[in-house]
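One letter stands for each residue in the lines below.
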Amino acid sequence: MKLKKITRPKWIPLWLSIPFVLFIAFIVFLLFFGENNFREISKQQKEIDHYKAMIQEQEDSAKYYERKTQELNTDKETLEKIAREQYNMKRTNEDVYKTDIP
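Residues numbered from 1 in each chain as written. Predicted model: local features only at pLDDT ≥ 70, side-chain atom pairs only at ≥ 80, totals over all residues. Heavy atoms only, no water.

## Overview of the side chain of Asn37
Stated precisely, the cut-off is as follows: A run of DSSP states H or I qualifies as a helix once it reaches four residues; a run of E qualifies as a strand once it reaches two. Both are numbered from the N-terminal end. As used in this structure description, the phrase polar contact means that two N or O atoms lie within 3.5 Å; if the pair is within protein, one of them must be able to donate a hydrogen and the other to accept it, and residues adjacent in sequence are counted only when both atoms belong to side chains. Note on contacts: a residue pair qualifies if any of its non-hydrogen atoms lie within 4.5 Å across the two residues.
With respect to the secondary-structure elements, Asn37 resides in the loop between α1 (18–32) and α2 (38–74). Within polar-contact distance, the side chain of Asn37 engages the backbone nitrogen of Arg39 at 3.2 Å. Beyond its immediate sequence surroundings of up to four residues, Asn37 is in contact with Leu30, Leu31 and Phe32.

Right, dumping it as structure tokens:
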């Protein structure tokens, strides 16, 4: 019994082999269909960027309120202005009249 030699069709390049095709298929599977595919990585990166922006916004807000607190603790005129405007407080010897005129 003589074995017949399998010849490669002319349309298949010489450098293309079964192990090489399997390797490329495995890489493609990992990149596009695996647990850490491109879509998941980009989605997670967007979430990370969103949370970093939120953290930056909260830090800026905290700095603003720290400055305001420091200002209220050191500047008595600002403290009196806020007490009068926002909480309708007055000194003991004065009368305050409210009007609708801006």
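## Observations concerning the packing of aromatic side chains
Rules: Centres within 6.5 Å are what make two rings of Phe, Tyr or Trp a pair, Trp counting through its six-membered ring; a difference in plane orientation under 30 degrees is then read as stacked, over 60 as edge-to-face, and the rest as tilted.
One pass over the structure, following the stated rule, counts three aromatic pairs. Geometrically, the ring pair formed by Tyr64 and Tyr65 is edge-to-face, given 5.1 Å between the ring centres and 75° between the ring planes.

## Structural notes on a positive patch on the surface
The condition is simple: In this scheme, patches are assembled from residues that exceed 30% relative accessible area and form no salt bridge. Like charges are connected within 9 Å, while nonpolar side chains (Val, Leu, Ile, Met, Phe, Trp, Tyr) are connected within 5 Å. Methods summary: accessible areas were calculated by the Shrake-Rupley approach with a probe of 1.4 Å, and residue burial reflects only the protein chains presented. Should a side-chain nitrogen of Lys or Arg be within 4 Å of a carboxyl oxygen of Asp or Glu, the pair is scored as a salt bridge. Here the positive residues are Lys and Arg and the negative ones are Asp and Glu; neither His nor the chain ends is included. For this purpose, a charge sits on NZ of Lys, CZ of Arg, CG of Asp or CD of Glu. Exposure classes here rest on a 1.4 Å probe applied to the protein chains alone. A residue is buried below 20% of its type maximum, exposed above 50%, and partly exposed in between.
A contiguous patch of positive charge on the surface is contributed by Lys63, Arg67, Lys68 and Lys81. Top contributing element to the positive patch by residue count: α2, with three residues. If you trace the backbone, Lys68 turns up in helix α2. On the basis of relative accessible area, Lys68 is assigned to the partly exposed category, the value being 34%.

## Considering the pattern of salt bridges
Here the structure, examined in full by the defined rule, presents four salt bridges. Between Arg84 and Glu80 there is a salt bridge; the shortest N-O distance is 3.0 Å. You can see Arg84 and its partner Glu80 sitting in helix α3 (residues 76–87), four residues apart, about one turn around the helix. When its relative accessible area of 28% is taken as the criterion, Arg84 is described as partly exposed. Residue class for Glu80 comes out partly exposed when judged on its relative accessible area of 32%. The residue Glu94 makes a salt bridge to Arg84 at a minimum N-O spacing of 2.8 Å. In this pair, Glu94 sits in the segment after α3 while Arg84 sits in helix α3, placing the two residues 10 residues apart along the sequence. Each of Glu80, Arg84, Arg91 and Glu94 takes part in salt bridges that share partners, so that together they form one network.

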